[in-house]
Amino acid sequence: MTGGENRQIWLQSRPNGIPRASDFGLRTAPIPTLKEGQFLVRNAYLSVDPAMRGWIADKSTYWPRLEVGDTMRAYSVGEVIESRNPRYVPGEKVMGIFGWQDYAAVDEPAVYYKVQDNGLPLSLWLGVLGLNGLTGYFGMTEVCQPKPGETVVVSTAAGSVGSAAGQVARIKGARVVGITGGAEKVQQCLDEFGYDAVIDYKAEPDIDAALKAACPDGIDAYFDNTSGAIHDAVLRQINLHARIAICGTASFASWDPWPEGPRPERHLLVKRATMRGFLTPDFEDKYGRALTDLVTWIQEGKLNYREDMLEGMEAAPGSIETLYSGANSGKLVIRL
Ligand SMILES: NC(=O)c1ccc[n+]([C@@H]2O[C@H](COP(=O)([O-])OP(=O)(O)OC[C@H]3O[C@@H](n4cnc5c(N)ncnc54)[C@H](OP(=O)(O)O)[C@@H]3O)[C@@H](O)[C@H]2O)c1
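Just so it is clear, the model here is predicted, and its values are computed rather than measured.

One finds Val41, Val152, Val153, Phe223 and Val234 to be the most contacted residues of the largest nonpolar core, which totals 89 residues. Per-element tally for this core: the top contributor is helix 2 (residues 131-144), with seven residues. Residue-level mapping places this core at the junction of two domains, with at least three residues from each of domain 1 (5-127 + 306-335) and domain 2 (131-281). Not counting chain neighbours up to four residues away, the residues in contact with Val234 comprise Val153, Leu211, Ile219 and Tyr222.

Here we take up the site of the ligand. Within the structure, the ligand sits among 29 residues, and Gly159, Gly181, Gly248, Ser251 and Gly326 are positioned closest to it. At the level of secondary structure, the elements contributing two or more residues to the shell around the ligand comprise helix 2, helix 3 (160-171) and helix 9 (319-325). Partitioned by chemical class, the residues of the shell around the ligand number 11 nonpolar, 16 polar and two charged. Three or more residues apiece are contributed to the shell around the ligand by two domains, here domain 1 (5-127 + 306-335) and domain 2 (131-281).

A few words on the domain arrangement of the protein chain. Partitioning the protein chain into domains gives domain 1 (5-127 + 306-335) and domain 2 (131-281). The C-alpha centroid of domain 2 is placed 28 Å from the C-alpha centroid of domain 1. With 14 residues of domain 1 at the interface, the matching set in domain 2 holds 14 residues. Along the lines of polarity and charge, the residues of the side of domain 1 that touches domain 2 split into four nonpolar, five polar and five charged.

Across the five residues that make up strand 15 (residues 331-335), a large majority, four, are buried. Bridge analysis of strand 3 (residues 39-47) against strand 15 gives three bridges, and the strand direction is antiparallel. Looking at the pairing, Tyr45 lines up with Arg335 of strand 15. When strand 14 (residues 307-311) meets strand 15, the two strands line up parallel, connected through five bridges. Counterpart to Leu310 in the pairing with strand 15 is Ile334.

A sheet is described by the order of its strands in space; here six strands give the open sequence 10-9-8-11-12-13, paired in parallel fashion. The open sheet has two edge strands with one neighbour each: strand 10 (197-200) and strand 13 (274-277). Averaged over all pairs of adjacent strands, the angle between their axes in this sheet comes to 15 degrees, without regard to strand direction. Strand direction decides the pairing type here: strand 9 (residues 175-180) and strand 10, joined by four bridges, are parallel. Each bridged residue has a counterpart across the sheet, and for Thr180 the counterpart in strand 10 is Asp200. Contacts between helix 2 and the sheet are confined to strand 8 (151-155), strand 11 (219-224), strand 12 (238-246) and strand 13, with strand 12 contributing the most and set at about 145 degrees to the helix.

Turning to the packing of helix 2 against helix 3, a few remarks are in order. Put simply, helix 2 and helix 3 touch, their axes get as near as 7 Å, and they point 45 degrees apart. Comparing their axes, helix 3 and helix 2 come out oblique. Of the two elements, helix 2 crosses helix 3, and the hand of that crossing is right-handed. Contact residues: Asn132, Gly133, Thr135, Gly136, Tyr137, Gly139, Met140, Thr141 and Cys144 in helix 2; Ser160, Val161, Ala164, Ala165, Val168 and Ala169 in helix 3. When grouped by side-chain class, the residues that make up the contact of helix 2 with helix 3 number eight nonpolar, seven polar and no charged.

Its 12 residues give helix 3 an end-to-end C-alpha distance of 17 Å, which sits within 8% of 16 Å, the value for a rise of 1.5 Å per residue. Of all 12 residues in helix 3, 11 are buried, a share of seventy percent or more. The complete set of buried residues in helix 3 reads Ser160, Val161, Gly162, Ser163, Ala164, Ala165, Gly166, Gln167, Val168, Ala169 and Arg170. Summarising the contacts, the buried residues of helix 3 are in contact with helix 2, strand 8, strand 9, strand 11 and strand 15.

What counts as what
Residues numbered from 1 in each chain as written. Predicted model: local features only at pLDDT ≥ 70, side-chain atom pairs only at ≥ 80, totals over all residues. Core = buried A, V, L, I, M, F, W, Y, C linked by C-beta atoms within 7 Å. Buried ≥ 20, exposed ≤ 12 C-beta atoms within 10 Å, placed from the backbone. Helix = DSSP H or I, 4+ residues; strand = E, 2+ residues; numbered from the N terminus. Domains from an automatic or database assignment. Contact = placed C-beta atoms within 7 Å. Near = placed C-beta within 6 Å. Nonpolar A, V, L, I, M, F, W, Y, C, P; charged D, E, K, R; others polar. Pairing = 2+ DSSP bridges. Axes fitted to C-alpha atoms, helices over the stretch in contact; angles between N-to-C directions. Parallel < 35°, antiparallel > 145°, perpendicular 65-115°, else oblique. Left-handed = near helix turned anticlockwise from the far one by under 90°. Expected span 1.5 Å × (residues − 1).

See below:
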């Protein structure tokens, strides 16, 4: 495709802590020309994820750090409109790491998967059928491994990952207790996501007492999205052979200096518990089975989801800040 403009959100300054709108700029570049093996994707929806903070942090975590001047790395979903790769034909929809931009010249490894044509909205492939739903699915099925009748606790319970994790636990027969911030989110967890009990950590003066009341039989598995004080309180009430999935650290305002807190070893030792960190791409070979389950549960009405839709490229720079403020209600997505 020749001619035309490609709007891009680029990293203008490196934040320490939560990225703000002022850390990003909007620029216009030509639509890229394709090399052999590449294909051109026109993005339809851009994702906003807590992980983006790690990708641009000074001490980057598990992926190469983005440099000032780079186009912001992001998950997105879009349509192949031109191709020099026989495995990707115009008209196909794909989800992958295509950046906060209108168009991307894509090499095959950047693709997570082709979008199934099953009538579900395209944006869901960034949320409940994207990284977030898969994260809830794998953290729950592979790490927490709930058995019927067990008590499972999930933090950021109303969020995109948390709501999927909580519902997977319920589908597996567990009793599920959510932890979230604010009365509105508590109500969503009860009404839409089927939690058995929910704790509002912002309103609750004593998290230990609230957990004790909500989990009278103790805690068999914990899906941890926050770390910090919530994690510490849960650990004090785990049962023998509890499983703890370390999925995210949303409560850490900054990683420099490194946050400190109570030591977990004694709880893990005495309760012979397992605490395991995971990244969803660890389970790439199982994406097919997971997506089949998630699609089926949505179609059967067993798995609910929420989307919080922002409009246009201009909404991108301030969106990570919105996510960390907790102001979003469901998966934060930008519609182009
Ligand atoms: N391991 C992986 O492969 C993987 C993949 C994707 C995501 N994740 C992690 O999963 C978690 C959820 O991601 P998401 O995309 O679904 O985001 P989300 O839950 O929709 O949004 C983040 C939530 O974090 C909570 N939060 C913010 N500051 C907090 C604080 N100081 N203390 C406690 N909670 C706080 C807020 O919920 P409340 O309003 O309830 O406080 C906010 O809505 C994140 O930690 C993310 O890093 C991990």
